[in-house]
Structure formats: C-alpha cells, structure tokens
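Structural characterization, general
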Amino acid sequence: MSQVLVLNGPNLNLLGTREPERYGSVRLADIEAQLAEQAEQSGVSIDFFQSNSEGALIDRVQAAPAEGCQIAIINPGGYSHTSVALRDAFLGVALPLIEIHVSNIYQREPFRHHSYFSDISVGTLLGFGPAGYSMALTAAIARIKQS
C-alpha cells in the first residue's frame, strides 16, 4: 500500500539525457532510488509511475486512493499546460497533490507559464532541479504524519 505516489509525465523518462543543460544529468531512476531511501528512513511507503500516455496517468491516479495512497507528487511535464483530463482525475478522486517541475516554468516560453495543476495543488516546487523531488517528498511525509 503506497502512501505516496510519485507520478512523472511525458519525456521525464529521458531525464539525464534530454537537454542536460536545462534538466541536468541525473536520471529518473537515480531520483527514484534517492526518494525510496528517503521514504524508507521516514517509515512511509512510496510508489513510482512514469508514462508518456495521458490515459495511463489518469488510470494510475484513479486507482491510487483504493491502494492506500494519501498524496501524490507529480511532475506532469508537458501535460501541465494541456491536460484538463489529468487535472479532473485528481479532483475526481480527491487525491491531494504536490506539483513539481525540474525547471522554472516562468523562465521559459510563455505557453509554459500556465499550469492546470498549480491551483489544485497543496504546493508547487519549480526550478530546483532534481532536488525538488526530495523537497516535495519531505512535504508529503510531513502532511501524512500530521493526519
């Protein structure tokens, strides 16, 4: 039973090789390993899911509460700016979320300045690189322990 679900949207499977000048050289597998260790040390269970498919991400969000998930950390990637359907999945199952972005979306192209997730998120972290994942997990763990 996962208490924290970490979701990664399209192209995040390419972390470490995709535009390293923007996203760095840390791979998604490295981030997941670090988060798994952090979660274990905190006594929290964690599950990871990455997909380039919007439908697969929606299905995963819809299944999460029945699996004991209390909060999600999501880097929606490009779906941040386009996916009303993924947003609606979170609202439909009332799953709290923390939104993260490796880069600062406000320092990028204007179309990236709007996210369909920020206003429904517990909090949003952006521009901290891969460290943003650990920061988000720290916040998620604190929220779980408060409840």
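In the block above lies the structure referred to throughout.
For clarity, every value in this text was computed on a predicted model and none was experimentally measured.

Attention shifts here to the overall build of the chain. Along the backbone of the chain there are 5 helices and 5 strands. Expected size for 147 residues packed as a compact globule is a radius of gyration near 15 Å; at 14 Å, the chain falls within 12% of this value. Considering the chain as a whole, with its 147 residues, one finds that 44% of them fall into the buried category. In the chain, the share of contacts with a sequence separation of at least 24, taken over all contacts with a separation of at least 6, comes to 78%. When the accessible surface of the chain is split by element, carbon and sulfur atoms take 52% of a total near 6900 Å². Put simply, the chain has 9 plus and 14 minus side-chain charges, and the middle of one group is 4 Å from the middle of the other.

Turning our eyes to something else, we now look at the sheet that holds strand S5 (residues 123-126). With parallel pairing, the 5 strands of this open sheet are ordered in space as S2-S1-S3-S4-S5. Both edges of this open sheet fall to strand S2 (46-50) and S5, since each of them pairs with a single strand only. Strand-to-strand twist of the sheet, defined as the mean angle between neighbouring strand axes without regard to direction, takes the value 15°. Here strand S1 (residues 4-8) runs beside strand S3 (residues 71-75); their pairing, made up of 5 bridges, is parallel. Within S3, the residue paired with Leu-7 across the bridge is Ile-74. Contacts between helix H5 (residues 131-146) and the sheet are confined to S1, S2, S3, strand S4 (97-101) and S5, with S3 contributing the most and set at about 165° to the helix.

Further remarks concern the packing of aromatic side chains. Summed over all chains, the structure comprises 1 aromatic pair. An angle of 85° between the planes, with centres 6.4 Å apart, marks the rings of Phe-90 and Phe-117 as edge-to-face. Placement of Phe-90 in helix H4 (residues 84-93) and of Phe-117 in the loop between S4 and S5 is noted, with a sequence separation of 27 residues between them.

How each quantity is defined
- Residues numbered from 1 in each chain as written.
- Predicted model: local features only at pLDDT ≥ 70, side-chain atom pairs only at ≥ 80, totals over all residues.
- Heavy atoms only, no water.
- Helix = DSSP H or I, 4+ residues; strand = E, 2+ residues; numbered from the N terminus.
- Rg over C-alpha atoms; globule rule 2.2 N^0.38 Å.
- Buried < 20%, exposed > 50% of the residue type's maximum accessible area, 1.4 Å probe, protein only.
- Contact = heavy atoms within 4.5 Å.
- Areas by Shrake-Rupley, 256 points an atom, 1.4 Å probe, with all protein chains shown as cover.
- Lys, Arg positive; Asp, Glu negative; His and termini not counted.
- Charge placed at Lys NZ, Arg CZ, Asp CG, Glu CD.
- Pairing = 2+ DSSP bridges.
- Axes fitted to C-alpha atoms, helices over the stretch in contact; angles between N-to-C directions.
- Phe/Tyr/Trp six-rings, centres within 6.5 Å; stacked < 30°, edge-to-face > 60°.

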